[in-house]
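For reference, the chains in residue letters:
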Amino acid sequence: MSNNSGSCLTVQFAPSENISEDLENFAEDFFDVYTIDYQDDGKLCLVGYLPKNRTEKDLSAAAKKSNITLPSYKTEFLQSDDWLTENVIKFAPVETKDFIVYGVHENKIDTKGKIGVKVYAATAFGSEHQTTKSCLEAIADIDDLLPDIKNVLDVGTGSGVLAIAAAKLWKKAKIVAVDIDDESIIVAKQNAVDNKVEKQITVAYSDGYSSEIVKKNAPYDVIFANILARPLIAMAPDMAKSLKSGGYAVISGFIDNQVEWVTGEHEKYGLKLRKIYELDNWRAALLEKI
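Just so it is clear, the model here is predicted, and its values are computed rather than measured.

Draft legend 1. Layout of the pairing of strand S9 (residues 174-179). Of all six residues in S9, five are buried; the element is thus mostly enclosed. Bridge count between strand S8 (residues 151-155) and S9: five bridges; the pairing is parallel. Bridge pairing in S9 places Val155 opposite Val178. Viewed along the sheet, the connection from S8 through helix H5 (residues 161-169) into S9 turns out right-handed. Pairing analysis gives five bridges linking S9 to strand S10 (residues 201-205), with the strands arranged parallel. Bridging across to S10, Ala177 finds its partner in Val203. Regarding the hand of the β-α-β motif, the stretch spanning S9, helix H6 (residues 182-194) and S10 is right-handed.

Rendered as structure tokens:
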């Protein structure tokens, strides 16, 4: 990564239902940092950050060389002493009744008696996203429902916030945290170390429930899947197979008008809806395997 001081050009691509693998691969190669932000309508928005020595002309030339047609986009010029920290990594602490998630940039943080989760966000995690907050509330509810939690799975772990929160709450639990994104795996591992829970959490690559580590540790007492509506539905049968009878699952990453669609598909496999969490237009659901 180049020097992050001084000015920066951001490139925000038009929101879409899905971000193509070609575009994401291009972003990874071309931008110093890129993020994928969730919109309130359920769409995804890729934002790339260019240091001061690169321009929009460089973007066009790189796209042409890579033989990729870029979606429509808009640019914004940022002036900052440290644009990476100010605009990508730095975020305000996110609080729930039981947890507080804060960035590594915080020199001092008052956790107010809550369980603190310290994260380096980078490209792997939208810490302040509503679904993460709802999932943390669901974790606290599960703590009241299950007396002895020893085996947890976090599918699509991102930067590992849910896995770390679970490890800190359930100190005897072993947690498998998986993702399909290499950057997420790197960041989640480091965040586990920074929170001193690396002995509880195994971070690994997995496309959903397909990896050997996910299979060999099943069935699970608790499963988290904070992803998006379509992959949640596609993985519903695997979630049901991987969860113990009487166990709980938290699913999130869908919006208001997708609730019946998503939860209904899970109920087909014996995952009974117990609670819906609402924050802005985003929803999360607590399910029990019956």
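What follows picks up the thread again.
Draft legend 2. Structural detail: the sheet that holds S8. Reading across the sheet, the seven strands line up as S10-S9-S8-S11-S12-S14-S13 and stay open at both edges, with mixed pairing between neighbours. Of all strands in the sheet, those bounded by a partner on one side alone are S10 and strand S13 (271-279). The average undirected angle you get between the axes of adjacent strands in this sheet is 15°. In the sheet, S8 pairs with strand S11 (residues 220-226) via four bridges, with the strands oriented parallel. When the bridges of S11 are listed, Val155 appears paired with Ala225.

Draft legend 3. Looking closely at the environment of Asp143. Mapped onto the fold, Asp143 is located in helix H4 (residues 130-145). Ignoring anything within four residues of it in the chain, the contact list for Asp143 reads Leu169 and Trp170.

Draft legend 4. The arrangement of the nonpolar core in detail. Judged by nonpolar contacts, the single largest core of 38 residues is most densely connected at Ile142, Trp170, Ile201 and Phe224. The leading source of residues in this core is H5, at seven residues. Those residues in contact with Phe224, other than ones at most four positions away along the chain, are Ile139, Val152, Leu153, Asp154, Val155, Leu162, Ala166, Trp170 and Val250. Formed by 27 residues, the second largest nonpolar core is a distinct cluster that contains Ala204, Ile213, Met239 and Phe254.

Draft legend 5. Spotlight on the sheet that holds strand S5 (residues 94-95). Reading across the sheet, the three strands line up as S5-S6-S7 and stay open at both edges, with mixed pairing between neighbours. Sheet topology places S5 and strand S7 (115-119) at the edges, where each strand pairs with a single neighbour. This element, H4, spans S5 and strand S6 (99-103) of the sheet and lies at about 145° to S6. Across the sheet, H5 is in contact with S6 and S7; its angle to S7 comes to roughly 145°.

Analysis parameters
- Residues numbered from 1 in each chain as written.
- Predicted model: local features only at pLDDT ≥ 70, side-chain atom pairs only at ≥ 80, totals over all residues.
- Heavy atoms only, no water.
- Buried < 20%, exposed > 50% of the residue type's maximum accessible area, 1.4 Å probe, protein only.
- Helix = DSSP H or I, 4+ residues; strand = E, 2+ residues; numbered from the N terminus.
- Pairing = 2+ DSSP bridges.
- Right-handed = clockwise from strand over helix to strand, strands pointing away.
- Axes fitted to C-alpha atoms, helices over the stretch in contact; angles between N-to-C directions.
- Contact = heavy atoms within 4.5 Å.
- Core = buried A, V, L, I, M, F, W, Y, C linked by side-chain atoms within 4.5 Å.

Coordinates in, geometry out; function isn't part of it.
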